[in-house]
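Fold and contact review
Here is how the chains run, residue by residue.
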Amino acid sequence: MTMIGCGHLGATHAASMAEIGHDVLGVEVDAAKIDTLRTGRAWFHEPELDEMLARHIASGRLRFTTDFAEAGEFGDVHFVGVATPGTDSGEYDLTQLFSAVSMLAGHLHRPCVIVGKSTVHAGTTAAVRELVRDLAPAGDAVEVVWNPEFLREGHAVQDTLRPDRIVVGVTSAEAERVIREAYAPITDAGVPLVVTDPVTCELVKGSANAFLAMKISFINAMGDLCEAAGGDVRLLADAIGLDPRIGRAFLDAGLGYGGGCLPKDGRAFAARARDLGADGAVELLSVVDDINAARRTRVVDMTTKAVGGDVAGARIGVWGAAFKAGTDDIRDSPALDVATRLHAAGAALTVYDPMAIDTARAAHPELGYARDPIAAARDADVLLVMTGWPEFRAINPQELGEVVAKRVAIDTRAVLHDGWWAGADWTIHRLGRG
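Residues numbered from 1 in each chain as written. Predicted model: local features only at pLDDT ≥ 70, side-chain atom pairs only at ≥ 80, totals over all residues. Heavy atoms only, no water.

Trp 319, Leu 342 and Leu 400 are the most contacted members of the largest nonpolar core, which has 51 residues in total. Among the elements of the structure, helix H13 (279-306), strand S9 (315-319), helix H14 (334-344), strand S10 (348-352), helix H15 (357-363), helix H16 (373-377), strand S12 (382-385) and strand S13 (408-411) are those that each provide at least two residues to this core. Contact partners of Leu 342, with chain neighbours within four places excluded, come to Val 300, Thr 303, Val 311, Ile 316, Ala 347, Leu 349 and Leu 384. Within the second largest apolar cluster, 37 residues are counted, among which are Ala 14, Leu 62, Val 168 and Ala 175. (Core = buried A, V, L, I, M, F, W, Y, C linked by side-chain atoms within 4.5 Å. Buried < 20%, exposed > 50% of the residue type's maximum accessible area, 1.4 Å probe, protein only. Helix = DSSP H or I, 4+ residues; strand = E, 2+ residues; numbered from the N terminus. Contact = heavy atoms within 4.5 Å.)

The next point concerns empty space enclosed by the protein. Summed over the entire model, instances satisfying the criterion amount to three cavities of 30 Å³ or more. Here the largest cavity defines a volume of roughly 80 Å³. Put simply, the parts of the chain that give the lining of the largest cavity at least two residues each are helix H10 (198-229) and helix H12 (262-276). Partitioning the lining of the largest cavity into residue classes produces six nonpolar, three polar and two charged. Volume-wise, the second largest cavity comes out at about 60 Å³. Surrounding the second largest cavity, Val 233, Arg 234, Ala 253, Gly 254, Asp 411, Thr 412, Arg 413, Ala 414, Arg 430 and Leu 431 form its lining. Here the residues of the lining of the second largest cavity are counted per class, giving four nonpolar, two polar and four charged. (1 Å grid on protein atoms, 1.4 Å probe; cavity = no way out; pocket = protein on both sides within 12 Å on 5 of 7 lines; lining within 4 Å. Points joined across faces, edges and corners; volume = space filled by probe spheres on them. Nonpolar A, V, L, I, M, F, W, Y, C, P; charged D, E, K, R; others polar.)

Before going further, it helps to examine the layout of surface pockets. Roughly 360 Å³ of internal volume is contained in the second largest pocket. For the second largest pocket, the lining is made up of 17 residues, of which Asp 76, Val 77, Arg 177, Val 178 and Glu 181 are closest to its centre. If you list the elements that add at least two residues to the lining of the second largest pocket, you get strand S5 (112-116) and helix H8 (173-182). Broken down by element, the lining of the second largest pocket gets its largest block of residues, five residues, from H8. Taken together, the residues of the lining of the second largest pocket break down into nine nonpolar, one polar and seven charged.

Okay, structure coming up:
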């Protein structure tokens, strides 16, 4: 099989398919990325991935190339996992997807299956099928199915090899047979495979991310209510999360979601719903997005209040730059969004992140940076905890208190232990607690 596109999704999927016994050829137009992958390491951070890449490059089951002709000759199954970024209108930009399929299709001379893994809007499978029918020498002998990914950054290897489910949208029994064979080592271990029509399958990914975003925005809305009424949103979440119909996962109030998936997918899902006239979905998803955006403004306001009403000239320590713990990804990072707003208002910020500091500095050179959390907090009038890295829990608040200007922190990720920090004379502000 081949894996067209070797980014976060593609490189992980290619290595994982080699792990379960397939011969895999990864295809990427960026030669520099290919050179890195051939050394047995990824060009981004993902736990367990480098070891798996190195293992299967050494075993001979995994290779990488920039040659689409080689890919067409090699593959019986062609996974496609290129980026589908959001546009200003909210829709997915499918330019890279159609370009990759076009570059591959002209080299397909025998029956095979193209398996789309990119996140797309409903109707994309049919459009890709028409393109392949026009370009592939094998014509209708090339099947097109969809098989969305459900990967969490920081857990992508686990989520590929031991997923909650595999969903595939097919139009023929033969295509279903091929997919079942490809995933047999995983499904034989008990992972359910859900077979649908292509449109339903395309909607599954958007629906899943929209629901997760909705849970986060719901608990943040409840956090606002708790603040107004004098309650504690953490205890509220624990209580309602015990109901199996609700569940505790994704009920952590705080700074809200970011990254390359939930914000983009929610807006794209809403844009497609608008095109189709599904107004109820549009209204719901718009409110979810608005609540999430408001969390960042709320933290800016809390910070302004904590330093006396004007951040100009204030020194602010920032713990966290990645959009979440476990990754170096800063795409749509709530932490950096808040930091850049405060910087624009005249504050002096020093940012620390255990993994994303270099990517943050490259994207936002206007901010200050430190190589350890203590240095980031030195002389700070307020400390902002904005990514939930576990290492922050272990920092001694008494020792930290010796280097800051004021023992005031805004904990947007519920990382700091209340009793320990209060005992060291810190004032801790949290979202969702009156």
